[in-house]
Amino acid sequence: MKIKEVSEKFNISITALRYYEKIGLLDDVKRVNGVREYEDKDIRHLSVIITLKNVGLSNDSILKYIELLNQGDIFNIEKIHILKEQRQKLLDEIHNNQKNLDCLDYLIYKMKNN
């Protein structure tokens, strides 16, 4: 699959795909006559990257996760730790957003009842 097809399939810019290669998130993609040819393994790898980005992991955390992923199953505890840490961050954000929502609801209530 060529880079344009991958870009469209995952709804990600070609620039981002090149950047992922540059910073090591994505292994160097095979090139045929200078044109990137994404293989199934690259697509699976990119799918993991995008999933981790969608849940809010930083590039550094994704790099660490991928390093552990490439080292095999013996590092599951560390991978789980990375995911649980992000899960807690998301829960904290949800809690803070709920507090802000409650505050807005209170202000709206007060304005309506004055």
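Residues numbered from 1 in each chain as written. Predicted model: local features only at pLDDT ≥ 70, side-chain atom pairs only at ≥ 80, totals over all residues. Heavy atoms only, no water.

S.K.: Would you mind showing me how to read the overall build of the protein here?
M.R.: When you go through the protein residue by residue, the secondary structure sums to five helices and two strands. Along the protein, helices and strands appear, N-terminal first, in the series α-α-β-β-α-α-α. In summary, the protein has a C-alpha radius of gyration of 20 Å against a globular reference of 13 Å for 114 residues, an excess of more than 25%. Expressed along its principal axes, the backbone C-alpha trace of the protein runs to roughly 70 × 35 × 20 Å. Across the 114 residues that make up the protein, the buried fraction comes to 26%. (Helix = DSSP H or I, 4+ residues; strand = E, 2+ residues; numbered from the N terminus. Rg over C-alpha atoms; globule rule 2.2 N^0.38 Å. Buried < 20%, exposed > 50% of the residue type's maximum accessible area, 1.4 Å probe, protein only.)

S.K.: Would you take a moment to explain the nonpolar core for this structure?
M.R.: General note: in soluble globular proteins, nonpolar side chains tend to be found buried as a group. In terms of nonpolar packing, the biggest core is built from 22 residues, with Tyr38 and Leu46 touching the most fellow members. Broken down by element, the residue count for this core peaks at five residues, all from helix α3 (residues 40-54). Other than its neighbours up to four places away in sequence, Leu46 contacts Val6, Phe10, Leu17, Tyr20 and Leu26. (Core = buried A, V, L, I, M, F, W, Y, C linked by side-chain atoms within 4.5 Å. Contact = heavy atoms within 4.5 Å.)

S.K.: How should the environment of Glu5 be read in this particular structure?
M.R.: Among the structural elements, Glu5 can be located in helix α1 (residues 3-10). As a C-alpha pair, Glu5 and Ile43 span 38 residues in sequence and 11 Å in three-dimensional space.

S.K.: Before we go on, may I ask you to explain the packing of α3 against helix α4 (residues 59-70) in this structure?
M.R.: Helix packing for two helices is described by the angle between their axes and how far apart those axes are. Relative to each other, α3 and α4 sit at 140°, their axes nearing to 10 Å. If you check the angle between α3 and α4, you find them oblique. Read as a crossing pair, α3 and α4 show a hand that is right-handed. Across the interface between the two elements, His45, Val48, Ile49, Leu52 and Lys53 of α3 pack against Asn59, Ile62, Tyr65, Ile66 and Leu69 of α4. The residue makeup of the contact of α3 with α4, split by class, is seven nonpolar, two polar and one charged. (Axes fitted to C-alpha atoms, helices over the stretch in contact; angles between N-to-C directions. Parallel < 35°, antiparallel > 145°, perpendicular 65-115°, else oblique. Left-handed = near helix turned anticlockwise from the far one by under 90°. Nonpolar A, V, L, I, M, F, W, Y, C, P; charged D, E, K, R; others polar.)

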